[in-house]
There are 2 protein chains.
Amino acid sequence: MTQLPVVKHILAANESLAEENRALLRRHGIFGLNIMASPGAGKTSLILATADRLPAGLRPGVIEGDLASSIDADKIAAKGIPVIQINTGGNCHLDAPMVGNALKHLPLAEIDLLFIENVGNLVCPANFALGSDMNVVVAGVPEGHDKPYKYPGMFAAAGAVVLNKADMIDVFEFDADYFRRGLEMVNPTANLFVLSCKTGTGVPEWVQWLTAQRG
Amino acid sequence: MTQLPVVKHILAANESLAEENRALLRRHGIFGLNIMASPGAGKTSLILATADRLPAGLRPGVIEGDLASSIDADKIAAKGIPVIQINTGGNCHLDAPMVGNALKHLPLAEIDLLFIENVGNLVCPANFALGSDMNVVVAGVPEGHDKPYKYPGMFAAAGAVVLNKADMIDVFEFDADYFRRGLEMVNPTANLFVLSCKTGTGVPEWVQWLTAQRG
């Protein structure tokens with residue numbers, strides 16, 4: 001979107017509230033992840049697969065962002081994980097005020113690792129800081145290997161990139177080298193994890209790395 | 001996004017320019033389609049599969065919208081189809097001014113059916129009229145059967161919905177009835193086509209219907 005003055009003002013206000021969220025998480029010793037992806041790439045599946053494999057003593061919590069519905073939050077709640085659903089009512093991304101409100105309703109003393117699942121959108125969420133410690137971008141093999149070239153802003157903003165549905169690489173004739181080169185072009189320092197939430201392949205390596213990042 | 005006055009003003013200005021595009025297409029007897037979908041659902045594949053099967057005398061043209069790259073336009077041009085690539089430079093959707101500029105560079109006298117491929121995004125493009133005659137929303141089976149429930153605004157704006165990658169319905173345990181019920185809930189009049197651009201199944205029925213719509 002063209003950088004109108006009012007948009008700049010909104011971004012600055014958002015940044016300031018993101019800092020407040022960051023401080024609140026820090027006070028509670030919570031490591032926060034902003035999970036971003038296209039619709040259906042597997043954000044919720046990644047959260048569930050990760051939560052299932054966390055080492056003892058590392059307790060997950062989730063904020064679910066969607067335009068509408070509580071389909072994802074219901075899946076998380078069914079596992080006994082603390083979760084708040086944000087319905088953005090048409091807004092194409094989460095922002096810091098929404099996350100700040102959601103944090104008031106989570107039992108922060110009982111959470112060590114907070115997954116914030118953003119609205120499914122490979123463009124807009126990258127522009128709005130939430131106060132998390134790391135951006136994780138999830139890409140699904142069926143979406144095609146050209147995504148880093150076509151959506152560079154989102155991949156440039158990632159600390160980690162998870163390539164999900166890796167069990168489908170042959171079925172979709174997915175060129176993993178082409179994907180990797182595209183990612184390196186826009187973000188040479190991003191860590192790439194190739195895994196399948198469905199089969200579990202590659203998930204332990206991702207969880208091990210993530211756990212180490214928390215420090 | 002909150003309906004700030006400035007945003008309302010932009011939408012009104014966009015609507016007025018969309019009317020100009022619509023009038024220009026009408027003068028040239030061109031039927032225009034606004035193709036919207038998540039990243040990687042198969043918008044370009046649908047355009048290519050449709051163009052391949054058009055009856056003689058119905059000449060296609062394409063406007064390609066992407067944040068960056070000319071990957072899709074290159075595929076279209078390789079088939080000898082007139083095409084213009086719009087790089088939005090970060091903008092999460094096409095708008096009427098962008099399309100108006102692109103129309104100046106297309107040989108309108110040689111086009112009967114214009115495909116406008118929007119930026120891959122299941123949220124924002126629905127809010128911006130381009131001057132087309134019909135909105136077509138493409139959903140891919142691997143994205144999951146819950147998309148109409150989670151992205152109602154996009155599906156509500158569709159004249160036709162194409163469910164692509166139908167050859168993957170069993171592989172992804174896709175519940176087509178659940179998808180259909182969700183679509184009917186938000187848009188009872190949308191026409192649904194279940195097809196596979198890869199195998200060609202269902203594509204002739206879609207092309208026949210589309211050709212009839214043009215009148």
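Rules used throughout
Residues numbered from 1 in each chain as written. Chains lettered and ligands numbered in written order. Predicted model: local features only at pLDDT ≥ 70, side-chain atom pairs only at ≥ 80, totals over all residues. Pairing = 2+ DSSP bridges. Helix = DSSP H or I, 4+ residues; strand = E, 2+ residues; numbered from the N terminus. Axes fitted to C-alpha atoms, helices over the stretch in contact; angles between N-to-C directions. Contact = placed C-beta atoms within 7 Å. Buried ≥ 20, exposed ≤ 12 C-beta atoms within 10 Å, placed from the backbone. Core = buried A, V, L, I, M, F, W, Y, C linked by C-beta atoms within 7 Å. Nonpolar A, V, L, I, M, F, W, Y, C, P; charged D, E, K, R; others polar. Least-squares fit on C-alpha atoms with pLDDT ≥ 70 in both. Arc of directions from axis to C-beta. Right-handed = clockwise from strand over helix to strand, strands pointing away.

*Asks:* Can you lay out the sheet that holds strand E4 (residues 113-117) of chain A for me, pointing to particular residues and giving the numbers?
*Replies:* Residues and elements named next belong to chain A. Spatially, the seven strands line up as an open sheet ordered E3-E2-E4-E1-E5-E6-E7, and their pairing is parallel. Of all strands in the sheet, those bounded by a partner on one side alone are strand E3 (83-87) and strand E7 (191-194). When strand polarity is set aside, the average angle formed by the axes of neighbouring strands in this sheet is 20°. Relative to E4, strand E2 (residues 60-66) runs parallel, the two being bridged by five bridges. Residue pairing in the sheet places Val62 in a bridge with Phe115 of E4. Packed onto the sheet, helix H8 (residues 203-214) meets strand E1 (31-37), E4, strand E5 (134-140), strand E6 (160-164) and E7 and runs at close to 150° relative to E7.

*Asks:* Pulling in residues and values, what's your account of unusual backbone geometry?
*Replies:* With phi around 50°, A:Glu173 is a residue other than glycine that occupies positive phi space. With respect to the helices and strands, the residue A:Glu173 is situated in the loop between E6 and helix H7 (176-186).

*Asks:* Mind laying out the environment of A:Ala139, listing which residues take part and the relevant values?
*Replies:* Residue and element names in this part refer to chain A. Secondary-structure assignment places Ala139 in strand E5. With 29 C-beta atoms counted inside 10 Å, the residue Ala139 sits in the buried group. Separated by 77 residues in the primary sequence, Ala139 and Val62 have C-alpha atoms spaced 20 Å apart. In contact with Ala139, other than residues within four places in its own chain, are Ala37, Ala41, Lys147, Val161, Leu163 and Asn164.

*Asks:* Residues and numbers for the nonpolar core, please.
*Replies:* Counting 128 residues, the largest nonpolar core has A:Ile35, A:Val137, B:Ile35 and B:Val137 as its most contacted members. Once residues lying within four places of it in the same chain are set aside, the contact partners of B:Ile35 are B:Lys43, B:Leu46, B:Ile47, B:Phe115, B:Ile116, B:Glu117, B:Asn118, B:Val136 and B:Val138.

*Asks:* Tell me about the environment of A:Asp175, and please be specific about residues and values.
*Replies:* Residue and element names in this part refer to chain A. Within the secondary structure, Asp175 is located in the loop between E6 and H7. Among the residues examined, Asp175 registers 14 C-beta atoms within 10 Å and is labelled partly exposed. Separated by 30 residues in sequence, Asp175 and His145 place their C-alpha atoms 6.0 Å apart.

*Asks:* Describe the interface of chain A and chain B, naming the residues involved and giving the relevant values.
*Replies:* Listed as interface residues are 32 residues of chain A and, on the opposing side, 32 residues of chain B. Those elements that place two or more of their residues in the side of chain A that touches chain B are helix H5 (147-150) and helix H6 (152-156) of chain A. In terms of residues, the side of chain A that touches chain B owes the most to one element, H5(A), which gives three residues. When grouped by side-chain class, the residues that make up the side of chain A that touches chain B number 16 nonpolar, 10 polar and six charged.

*Asks:* Provide a residue-level description of the relation of the copies chain A and chain B, including the pertinent values.
*Replies:* Rotating chain A by 180° and moving it 0.0 Å along the rotation axis overlays it on chain B with an RMSD of 0.0 Å. Such a combination of rotation and displacement between the chain copies is what one expects of a two-fold axis.

*Asks:* Help me get a handle on the sheet that holds strand E4 (residues 113-117) of chain B, residues and values and all.
*Replies:* Residues and elements named next belong to chain B. With parallel pairing, the seven strands of this open sheet are ordered in space as E3-E2-E4-E1-E5-E6-E7. Of all the strands in the sheet, the pair left with one neighbour each is strand E3 (83-87) and strand E7 (191-194). The average undirected angle you get between the axes of adjacent strands in this sheet is 20°. Bridging between strand E5 (residues 134-140) and strand E6 (residues 160-164) involves five bridges; their strand directions are parallel. Bridge assignment links Val137 to a residue of E6, and that residue is Val161. Strands strand E1 (31-37), E4, E5, E6 and E7 of the sheet are contacted by helix H8 (residues 203-214), whose axis makes an angle of about 150° with E7.

*Asks:* Break down helix H7 (residues 176-186) of chain B for me, with residues and values.
*Replies:* All names here are of chain B. For H7, the complete set of buried residues consists of Phe179, Gly182 and Leu183. Down the axis, H7 shows its buried residues gathered within 100° of arc, on one side only. Looking at the buried residues of H7, the elements they touch are helix H5 (147-150), helix H6 (152-156), E6 and E7.

*Asks:* How would you sum up helix H2 (residues 43-52) of chain A? Please name residues and give values.
*Replies:* Buried residues dominate H2(A), accounting for nine of its 10 residues. Within H2(A), burial applies to A:Lys43, A:Thr44, A:Ser45, A:Leu46, A:Ile47, A:Leu48, A:Ala49, A:Thr50 and A:Ala51.

*Asks:* Explain the pairing of E7(B) to me, using residue names and the numbers behind them.
*Replies:* Residue and element names in this part refer to chain B. Relative to E7, E6 runs parallel, the two sharing four bridges. Bridging from a neighbouring strand, Val162 pairs with Phe193 of E7. This β-α-β element, E6 to H7 to E7, shows right-handed connectivity.

*Asks:* Would you mind going over the pairing of E5(B) in detail, with residue names and values included?
*Replies:* Residue and element names in this part refer to chain B. Of all seven residues making up E5, six are buried, and the element is well covered by its neighbours. Pairing between E1 and E5: five bridges, direction parallel. Opposite Leu33, over in E5, you have Met134 as the bridge partner.

Interpretation note: all reported values are geometric properties and have no functional meaning in isolation.
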